[in-house]
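Report on the structure
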Amino acid sequence: MDLRIFTEPQQGATYDTLLTVAKATEDLGFDAFFRSDHYVRMGNVDGLPGPTDAWITLAGLARETKRIRLGTLMTAATFRLPGVLAIQVAQVDQMSGGRVELGLGAGWFEEEHKAYGIPFPKEKFARLEEQLAIVTGLWATKAGETFDFHGTHYDLTDSPALPKPAQEKIPVLIGGHGATRTPRLAARYADEFNIPFASVEDSERQFGRVRAAAEEAGRKADDLTYSNALVVCVGRDDQEVARRAAAIGRGADELKANGLAGSPAEVVDKIGRYAEIGSRRIYLQVLDLDDLDHLELISSQVQAQLS
């Protein structure tokens with residue numbers, strides 16, 4: 001079971017804070033550092049000092065880290081043109097020496113689009129599907145050849161399809177709870193399917209849909225990696241769990257029910273339940289980025305037991 005650190009910088013974080021967490025992620029033996037792609041805070045936080053851009057952040061971290069994988073859950077398709085996104089991600093992959101992964105989603109948070117003048121189209125899923133075809137198609141085009149795409153939303157003619165990533169194939173993550181279109185899209189384009197903030201039972205049901213869609217598309221179901229994203233709140237005792245829960249504005253009992261919360265033994269046991277239904281990777285949503293002791297505890301008392 002891979003454990004990855006997943007951050008939500010729109011809730012309030014500087015680049016320096018993210019760099020500190022990324023370096024701790026590497027030093028403590030976690031598999032990867034991922035971040036969300038949002039420009040406006042959510043919930044009852046001030047969001048100061050303001051947003052950071054996901055791919056600019058990852059470009060900086062690519063030069064400041066050496067081992068960990070770097071990526072997004074999820075880049076919003078509404079934020080970027082697909083040709084430009086393919087260039088950005090390929091460049092960051094080069095800067096990292098081939099450690100980048102692209103999570104790509106349709107985009108959903110209308111308020112941030114209004115706040116920064118970003119168009120928020122009614123039909124987002126069809127745009128996402130075209131973006132996936134374009135981004136993966138550009139990367140797969142052989143050097144010296146050109147790429148064309150003529151869709152409803154995007155039109156590319158005689159693209160040189162450059163630059164190329166450092167990796168032969170950048171892993172693509174697709175995720176969500178949709179029962180029909182999401183599994184079909186994952187079966188066609190994804191290397192990994194991620195379901196965010198879902199119970200074991202809901203995860204098992206959605207993984208089954210994706211596995212069936214993969215086989216229907218002519219792929220082996222096990223060609224995909226299946227993963228979960230869950231909020232994490234670990235403490236050595238109930239008091240420490242309650243303190244960490246309060247620091248992120250949540251209740252300990254609620255977190256135990258809906259996330260990975262409690263003592264290290266409780267969290268290891270719950271991760272085991274996700275492993276039993278086929279999850280091979282957990283993205284630990286860390287909301288208090290100043291609490292590096294939390295990461296150390298997870299590394300020494302949770303990750304150590306899983307490995």
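Higher on the page you've got the structure.
Our subject in this report is the structure included herewith. (Residues numbered from 1 in each chain as written. Predicted model: local features only at pLDDT ≥ 70, side-chain atom pairs only at ≥ 80, totals over all residues. Heavy atoms only, no water.)

Our focus in this paragraph is the overall build of the chain. When you go through the chain residue by residue, the secondary structure sums to 11 helices and 12 strands. The C-alpha atoms of the chain give 19 Å as radius of gyration, which agrees with the globular expectation for 307 residues (19 Å, within 12%). The principal-axis extent of the C-alpha atoms belonging to the chain is close to 60 × 45 × 35 Å. Classification of the 307 residues of the chain by burial places 53% in the buried group. Within the chain, residue pairs in contact and separated by at least 24 positions form 72% of the contacts whose partners lie at least 6 positions apart. Summed over its atoms, the accessible surface of the chain is roughly 13,700 Å², and 49% of this surface lies on carbon and sulfur atoms. Distance between charge centroids for the chain: 3 Å, based on 34 positive and 45 negative side chains. (Helix = DSSP H or I, 4+ residues; strand = E, 2+ residues; numbered from the N terminus. Rg over C-alpha atoms; globule rule 2.2 N^0.38 Å. Buried < 20%, exposed > 50% of the residue type's maximum accessible area, 1.4 Å probe, protein only. Contact = heavy atoms within 4.5 Å. Areas by Shrake-Rupley, 256 points an atom, 1.4 Å probe, with all protein chains shown as cover. Lys, Arg positive; Asp, Glu negative; His and termini not counted. Charge placed at Lys NZ, Arg CZ, Asp CG, Glu CD.)

Quick look at the pattern of salt bridges now. If the charged atoms of two oppositely charged side chains come close together, the side chains can form a pair. Evaluation of the coordinates by the stated rule reveals 21 salt bridges. Salt-bridge contacts for D2 lead to R281; the nearest nitrogen and oxygen are separated by 3.2 Å. In this pair, D2 is assigned in strand β1 (residues 2-7) and R281 in strand β12 (residues 281-286), connecting sequence segments 279 residues apart. Relative accessible area serves as the criterion here: at 14%, R281 is assigned to the buried category. (Salt bridge = Lys/Arg side-chain N within 4 Å of Asp/Glu carboxyl O.)

What follows deals with the pairing of β1. Among the six residues in β1, five count as buried, and that is most of the element. Pairing analysis gives four bridges linking β1 to strand β2 (residues 32-35), with the strands arranged parallel. By the bridge assignment, I5 is partnered in β2 with F33. Taken together, β1, helix α1 (residues 15-27) and β2 form a β-α-β motif whose crossover is right-handed. (Pairing = 2+ DSSP bridges. Right-handed = clockwise from strand over helix to strand, strands pointing away.)

Further remarks concern the nonpolar core. Counting residues in each nonpolar core, the largest one holds 76 residues, and the members touching the most others are W55, W139 and L284. Among the elements that make up this core, the one with the highest residue count is helix α5 (residues 125-140) (eight residues). Leave out the neighbours within four places in its chain, and L284 touches L3, R4, I5, F6, F30, L230, V232, L260 and I298. F6, A32, A229 and Y283 belong to the second-largest nonpolar core, a separate cluster that totals seven residues. (Core = buried A, V, L, I, M, F, W, Y, C linked by side-chain atoms within 4.5 Å.)

Now for helix α8 (residues 238-247). Where α8 is concerned, the buried positions are E240, V241, R244 and A245. The buried side chains of α8 occupy one side of the element, clustering within an arc of 135° when seen end-on. Turned more than 90 degrees away from the buried face of α8 sit D238, Q239 and A246, all of them exposed. Where α8 is buried, its residues contact β10 (225-234), α9 (252-258), β11 (260-262) and α11 (292-306). For α8, the capping residue at the N-terminal end is D237, with a side-chain oxygen 3.2 Å from the backbone nitrogen of Q239. Phi for G249, located one or two positions after α8, is positive at around 70°. (Arc of directions from axis to C-beta. Polar contact = N/O pair within 3.5 Å; in protein donor to acceptor, adjacent residues only side chain to side chain.)

Counting through the fold element by element, T78 comes out in the loop between β4 (75-76) and α3 (82-96). A polar contact of 2.7 Å, which involves the side chain of T78, links it to the side chain of H113. Not counting the four nearest positions on each side in its chain, T78 is found in contact with A106, G107, H113, I118, P119, P121 and K124.

Following both chains from N to C, one finds α1 and helix α2 (residues 54-64) inclined at 45°, their axes separated by 10 Å at the closest point. For the element pair α1 / α2, the angle class is oblique. Crossing of α1 against α2: the hand is right-handed. Residue-level contacts link Y15, L18, L19, A22 and K23 of α1 to T57, G60, L61 and E64 of α2. Taken together, the residues of the contact of α1 with α2 break down into five nonpolar, two polar and two charged. (Axes fitted to C-alpha atoms, helices over the stretch in contact; angles between N-to-C directions. Parallel < 35°, antiparallel > 145°, perpendicular 65-115°, else oblique. Left-handed = near helix turned anticlockwise from the far one by under 90°. Nonpolar A, V, L, I, M, F, W, Y, C, P; charged D, E, K, R; others polar.)

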